[in-house]
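Observations on the model geometry
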Amino acid sequence: MARIKDTSVEEVKAAANIVDLVEARTRLRKVGARYTGLCPFHQEKTPSFSVSPDRGTYHCFGCGVGGDSITFVRETEGLDYVGALEWLADRFHVPLEYEESSPEADAQRRRRERVYALLDQAATFYERVLWTDSGQAVQDYLASRGLSKEACSEFRLGLSPLGGTLANKAREKGFPQDELAAAGLVTRRGSDYFQRRLMFPLTDARGRVIAFQARKLHDDDPLRGKYVNSPESELFHKSNVLYGLHLARPAITKEDRAIVVEGNTDVIALRQAGLQPIVASMGTALTERQLKELARLTRRVFLCFDADAAGEEATLRGMELAIREGFDVRIVALPKGKDPADDPAGFEERLGQAESYAVHRVRLELGRARDKQHAYLQVQDILNGIPESPERHDAWRLANDRLGLTVQLRAAGSAATGAASSPRLIDAGERLERDALAGCVAHPRLVRFLAEMTPDHFDSELNRRVRAQLIEEGGEEDPELVARLAELDARAAADAIDEQTGKELLLRLRERKLRRELGEADLERQKELQEALEKVRAAVGELV
């Protein structure tokens, strides 16, 4: 893929308004030259989120997230670096230029863009058909499921008509057969792939249509299956897609939970009822790729699949994989024959009754074991693989009650999900380095003093990289450095580090290094170091 030119990257950064981006996620209040508000990345009651419009950066003192406009879009929209740049370019109307590439690469990029445009126009076409008189029967069906026109329109539901109407209209607009085939919209004979079906557009992380899932409406439909997806393509791989994720992302991040259901209509109904962190797994068990998408937003997953045998098996496979990927998994029970969409208003109550992985896994094994001995061994094996926790104890008690005997367990090992270590307190040395660099970020005139110091003045490898970045003023885009610089800028403002204080902190760093060297130097060098130390102390004395 062609590389975006550095000049275009800088134009996007300059055009991107960080305040506008953040205010789309949380309310901000202007305080001096900065803005503050509740963090959109975690739940909090006291504002700890700081935004600098001058630098185009943000930092949360509560959860530690931070960065620039590109970082913000990457985290909130779930995009990679290039995707975030393209998203921002679209949002702030900045034309992108790409580095010289091969004609083949340019042609491939243009072709992908045309296929995206074709799929979007197809979605618009299907939408229009649905809300005409010819779509009245399907409108009535959606209404019978309790789905409003507004809710259906948010997900761009549509209706594919009989015949080759879509293909003909696309050809009239200049889309050739090969692009129609690449979009999965036509058969080998050139007729419409989907006919007389309820259409659910499927999107990527940026909300671009990449394929369709179509529901059967007529018994004589030539396509097999109640639900049929577009053919797999360069843009669409079923195992990568979570239905509704592009709309659910903000809520998943803010509420720190993702609720995974089976059906598309369940997603729409629950969102219509006010429950927003909802996605569907495309009718199958969760895949590794789907979980990786969710892991960028949360580690708490609620699984709610059908209570039939297929749904139970999908739940089992999904939760086992999620546990291996480090998720906190909860299972939401449904009565047999019921979907979440059947009672969307009461679904939040079901979430409150969700079972932990340990309890559900033990209950499942107890229900399907061939005899008591087999159940005992299966449960024992499961519980021995779960770390000590209230959930493990609840599962153990359930097994004991159901089996009528005490399951003997060995001491629990480490958590399957990995125990989160407590945040390390910043020691005095780290704080000195951090505040000195914060002063340089806030007051660029101090950078010349920083340049006179060596990397050895800093113990932290990250702080050494920050020093190099400030001195060299540029270099390769590094998300970790971007986040650190945003944090330093926010701390300088919060701690009111003025230029004089910043200079004093730099002198303190020099003093620290000289004292360390003095303790290890021979007699001849000790005198030289002592003189240098006295000069630094004198300079500090003049400032304070």
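Reference entry: report on the structure contained in this document.

About the criteria used
Residues numbered from 1 in each chain as written. Predicted model: local features only at pLDDT ≥ 70, side-chain atom pairs only at ≥ 80, totals over all residues. Heavy atoms only, no water. Helix = DSSP H or I, 4+ residues; strand = E, 2+ residues; numbered from the N terminus. Buried < 20%, exposed > 50% of the residue type's maximum accessible area, 1.4 Å probe, protein only. Contact = heavy atoms within 4.5 Å. Areas by Shrake-Rupley, 256 points an atom, 1.4 Å probe, with all protein chains shown as cover. Salt bridge = Lys/Arg side-chain N within 4 Å of Asp/Glu carboxyl O. Pairing = 2+ DSSP bridges. Axes fitted to C-alpha atoms, helices over the stretch in contact; angles between N-to-C directions. Disulfide = S-S within 2.5 Å. Parallel < 35°, antiparallel > 145°, perpendicular 65-115°, else oblique. Left-handed = near helix turned anticlockwise from the far one by under 90°. Nonpolar A, V, L, I, M, F, W, Y, C, P; charged D, E, K, R; others polar. Arc of directions from axis to C-beta.

**Some remarks on the overall build of the chain**
A count of helices and strands for the chain gives 23 helices and 14 strands. Each principal axis of the C-alpha distribution contributes one length, and for the chain these read about 95 × 75 × 45 Å. The buried share of the chain, reckoned over its 544 residues, is 49%. At a minimum sequence separation of 6, the contacts of the chain that also span at least 24 residues come to 65%. When the accessible surface of the chain is split by element, carbon and sulfur atoms take 48% of a total near 27,500 Å².

**Brief notes about the pattern of salt bridges**
Where charged atoms from two side chains of opposite charge come close, those side chains can pair. Counted according to the given criterion, the structure contains 41 salt bridges. Among the salt bridges present, the one from E517 reaches K513, with a minimum N-O distance of 2.4 Å. Remark: K513 and E517 occur in helix α22 (residues 499-520); sequence separation between them is four residues, near one turn of the helix. Residue K513 is classed as buried on the basis of its relative accessible area of 19%. Taken together, the shared-partner salt bridges in this structure form one network comprising E504, R508, E511, E534 and R537.

**Describing the sheet that holds strand β2 (residues 34-37)**
The five strands are arranged β1-β2-β3-β4-β5 in an open sheet whose pairing can be described as antiparallel. For this open sheet the edge positions go to β1 (28-31) and β5 (66-68), each flanked by a neighbour on one side alone. Here the strands of the sheet are splayed against their neighbours by 20° on average, with no regard to which way each runs. Examined bridge by bridge, strand β3 (residues 49-52) and strand β4 (residues 57-60) share four bridges and lie antiparallel to one another. By the bridge assignment, S52 is partnered in β4 with T57.

**Quick word on the state of the cysteines**
For the coordinates displayed, the defined rule picks out zero disulfides. With no disulfide partner, C39 has as its closest neighbouring cysteine sulfur the one in C60, 3.6 Å distant. Using a relative accessible area of 2% as the deciding quantity, one classes C39 as buried.

**Comments concerning the sheet that holds strand β11 (residues 278-280)**
The five strands lie next to each other as β11-β10-β12-β13-β14, forming an open sheet whose pairing is mixed. Edge positions in the sheet fall to β11 and β14 (355-356), since each of these pairs with one other strand and no more. Relative to β11, helix α10 (residues 245-255) is tilted by about 135°, and along the sheet it contacts β10 (258-261), β11 and β12 (300-304).

**Considerations on the packing of helix α15 (residues 357-368) against helix α17 (residues 390-403)**
It is the contact of α15 with α17, at a shortest axis distance of 8 Å, that shows an interaxial angle of 20°. Between α15 and α17, the interaxial angle falls into the category roughly parallel. The element α15 and its partner α17 pack so that their crossing is right-handed. Contacts between α15 and α17 pair A358, V359, V362, R363, L366 and G367 from the former with E391, R392, D394, A395, L398, A399, R402 and L403 from the latter. Taken together, the residues that form the contact of α15 with α17 break down as eight nonpolar, one polar and five charged.

**As for helix α12 (residues 288-295)**
Considered for burial, the residues of α12 that qualify are Q290, L291, E293 and L294. Buried residues in α12, looked at end-on, bunch into an arc of 155°, giving them a common side.

**Section: unusual backbone geometry**
Backbone geometry at H93 places phi at a positive 55°, although glycine is not the residue there. Mapped onto the fold, H93 is located in the loop between α4 (81-91) and α5 (103-130).

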